[in-house]
Amino acid sequence: MIEVEIDGAVARITLNAPAKRNALDERALIDLSAAYDEAEAAGVRALVLSGAGPAFCAGRDIAGVDPRDDDVQGYLGGLVTPLLRKMSAFPAPTFAAAHGACLGVGLGLLIATDVVYVADSARIGSPFAALGATLDSGGHALFFERLGAHKTLDLIYTARLMSGTEAVQSGLFSQVFPADELLARTEEAATRAAAGATQAFVASKTLISRLRDERLGLWDAMALENSAQVALCDTEDYREGFAAFQQKRAPRFGGGR
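### Comments concerning the overall build of the chain
The helix and strand inventory of the chain stands at 10 helices and 9 strands. Seen along its three principal axes, the alpha-carbon backbone of the chain occupies a region of about 55 × 35 × 35 Å. With 257 residues in all, the chain has 51% of them scored as buried. Looking at the chain alone, contacts between residues at least 24 apart form 72% of all its contacts between residues at least 6 apart. Charge-centre separation for the chain: the mean point of 24 positive side chains lies 3 Å from the mean point of 32 negative side chains.

Encoded structure:
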């Protein structure tokens, strides 16, 4: 489901499982990590990440997952966090074109990308209220930093999803475009960056990363998220949320452990 195209100085990585809105299972995360390794080995000077079909990435693929023996720490701490670190440290400017659902791990992919352009119809937020789970992949850090505590918790408690337009107006991402222009605009920006002073861009990228990380930012927050998710895996509501999702019914949460 992960496609890689090296076109001169630009790498194009596409999540290509449109039937499941590009949701990511363990294999897909490993393949995506390998795609970034391939792009780095090719010495590209810019990278574009996008999703095929109706969504950028709807998050984790939980089809067939049994919450009673789900290895949440292995998925988040063992696969997702290392992938996002690798993406964030990619030695060239990175761009994402995000449309449709950008949720969970899909949101994390955007957080780990240097420049994010979104479609006006994108849907961004925390849908986990219906799963008995919590926002992960760095979402707490991003939302709290850009939106503040009240709006962050409002989004989490209500599961309301922001449009791409609202997300850009709120300062979450860079620019918003009509869906039919999004990928072309993103590729244009990447092509310009690839023709620019790549090492200077990477120096700026490193500085921004340090400004963010050295004030107990994204990665510390992600570790806390991983621990919270592991703890939630033992609750009845977590198991009920999974079961309801898989059975396509409304969840019946008890609110306890």
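### A word on the state of the cysteines
What is meant by a disulfide is a covalent connection between two cysteines, made through their sulfur atoms. Under the criterion given, the structure shown has 0 disulfides. For Cys57, which is in no disulfide, the shortest distance to another cysteine sulfur is to Cys102 and amounts to 8.3 Å.

### Quick notes on the packing of aromatic side chains
Here the structure, examined in full by the defined rule, presents 4 aromatic pairs. Taking the centre distance of 5.5 Å and the plane angle of 80 degrees together, the rings of Tyr117 and Phe177 count as edge-to-face. Remark: Phe177 occurs in strand S9 (residues 175-177) and Tyr117 occurs in strand S6 (residues 115-119); sequence separation between them is 60 residues. Under the relative-accessibility criterion, Tyr117 is labelled buried at 7%. Counting every residue linked through ring pairs, the aromatic cluster contains Phe95, Tyr117 and Phe177. Here the basic side chain of Arg60 rests over the ring of Tyr75, its NZ or CZ set 4.3 Å away from the ring centre. In this arrangement the basic side chain of Arg85 is found over the ring face of Trp219, its NZ or CZ atom lying 4.7 Å from the centre.

### Some thoughts on the sheet that holds strand S7 (residues 123-125)
Pairing between the strands of a sheet comes from backbone hydrogen bonds, and it takes one of two forms, parallel or antiparallel. Pairing in this open sheet of 3 strands is mixed, and the strands run S5-S7-S8 from one edge to the other. On the outer flanks of this sheet lie strand S5 (101-103) and strand S8 (161-163), each paired with one strand and no other. Within this sheet the neighbouring strands show an average axis-to-axis angle of 30 degrees, counted without direction. Pairing analysis gives 3 bridges linking S5 to S7, with the strands arranged parallel.

### A look at helix H9 (residues 218-232)
In this model H9 runs 21 Å from its N-terminal to its C-terminal C-alpha over 15 residues, within 8% of the 21 Å that 1.5 Å per residue would give. Three or more residues of H9 are buried, namely Leu218, Trp219, Ala221, Met222, Glu225, Asn226 and Gln229. Considered in projection along H9, the buried side chains sweep an arc of 150 degrees and stay on one side of the axis. Against the buried residues of H9 lie helix H2 (72-88), helix H3 (105-111), helix H4 (139-147), helix H8 (198-213) and helix H10 (236-247).

### A few points about the pattern of salt bridges
Within the structure shown, the criterion is met by 15 salt bridges. Arg68 serves as the salt-bridge partner of Asp66, at 2.9 Å between the closest nitrogen and oxygen. If you follow the salt bridges from partner to partner, you end up with Asp7, Arg12 and Glu187 in one network.

### As for the packing of H4 against H9
Viewed as axis vectors pointing N to C, H4 and H9 meet at an angle of 130 degrees, and their least axial separation amounts to 7 Å. One way to sum up the angle between H4 and H9 is to call them oblique. Side by side, H4 and H9 meet where Gly139, His140 and Ala141 of the first sit next to Leu218, Ala221 and Glu225 of the second. In terms of residue class, the contact of H4 with H9 is built from 3 nonpolar, 2 polar and 1 charged.

### Thoughts on the pairing of strand S1 (residues 2-7)
In this structure, S1 lies alongside strand S2 (residues 10-15), joined through 6 bridges in antiparallel fashion. Its bridge partner lying in S2, Glu3 is registered against Thr14. Between the antiparallel neighbours S1 and S2 lie 2 residues, among them Gly8 with a positive phi of about 65 degrees.

### Considerations on helix H1 (residues 26-41)
Here H1 contains 16 residues, and its C-alpha end-to-end distance of 23 Å stays within 8% of the 22 Å for a straight helix at 1.5 Å per residue. Regarding H1, the residues found buried are Ala28, Leu29, Leu32, Ser33, Ala35, Tyr36 and Ala39. All buried residues of H1 fall inside an arc of 150 degrees around its axis, so they share one side. Summarising the contacts, the buried residues of H1 are in contact with S1, S2, strand S3 (46-51), H2 and H3. Between the side-chain oxygen at the start of H1 and the backbone nitrogen of Arg27 there is a gap of 3.3 Å, and the oxygen is on Asp25.

Procedures and definitions
Each chain has its residues counted from 1, running along the sequence as written. Only residues with pLDDT of at least 70 get local features here, since the model is predicted, and only at 80 or more are side-chain atom pairs given and counted; chain-wide, interface and lining totals rely on the full set of residues. Hydrogens are left out, water is left out, and the side-chain values use all remaining heavy atoms of the structure. Per the convention used, a helix needs a DSSP run of H or I reaching at least four residues, while a strand needs a run of E reaching at least two, with both numbered from the N terminus. Any residue under 20% of the maximum accessible area for its type is buried, any over 50% is exposed, and the rest in between are partly exposed; the area is computed with a 1.4 Å probe on protein chains only. For this analysis, residues touch if any pair of their heavy atoms sits within 4.5 Å. Two residue types count as positive, namely Lys and Arg, and two as negative, namely Asp and Glu; His and chain ends fall outside the count. Taken as the charge location is NZ of Lys, CZ of Arg, CG of Asp or CD of Glu. Any pair of cysteine sulfurs within 2.5 Å is marked as a disulfide. Between the rings of Phe, Tyr and Trp (Trp by its six-membered ring), a pair exists once the centres lie within 6.5 Å; its type follows the angle of the planes, with under 30 degrees stacked, over 60 edge-to-face, and the other angles tilted. Distance and angle both matter: a charge sits over a ring if NZ of Lys or CZ of Arg is within 6 Å of the ring centre and within 35 degrees of the ring normal. Two strands are said to pair when DSSP picks up at least two bridges between them. Simply put, an axis is a line fit to the C-alpha atoms, just over the touching stretch for a helix, and the angle between two N-to-C directions goes from 0 to 180 degrees. Given a helix with a known number of residues, its expected span is that number minus one, times 1.5 Å. The directions considered for the arc are those from the helix axis to the C-beta atoms. Any Lys or Arg side-chain nitrogen located within 4 Å of an Asp or Glu carboxyl oxygen qualifies as a salt bridge. Orientation labels follow simple angle bins: below 35 degrees gives roughly parallel, above 145 gives roughly antiparallel, 65 to 115 gives roughly perpendicular, and whatever is left gives oblique. Each residue gets one of three labels, nonpolar for Ala, Val, Leu, Ile, Met, Phe, Trp, Tyr, Cys and Pro, charged for Asp, Glu, Lys and Arg, and polar for the others, Gly among them. Distance and chemistry together define a polar contact, namely a pair of N or O atoms within 3.5 Å, with one atom able to donate a hydrogen and the other to accept it when in protein, and with adjacent residues in sequence counting only for side-chain atoms on both sides.

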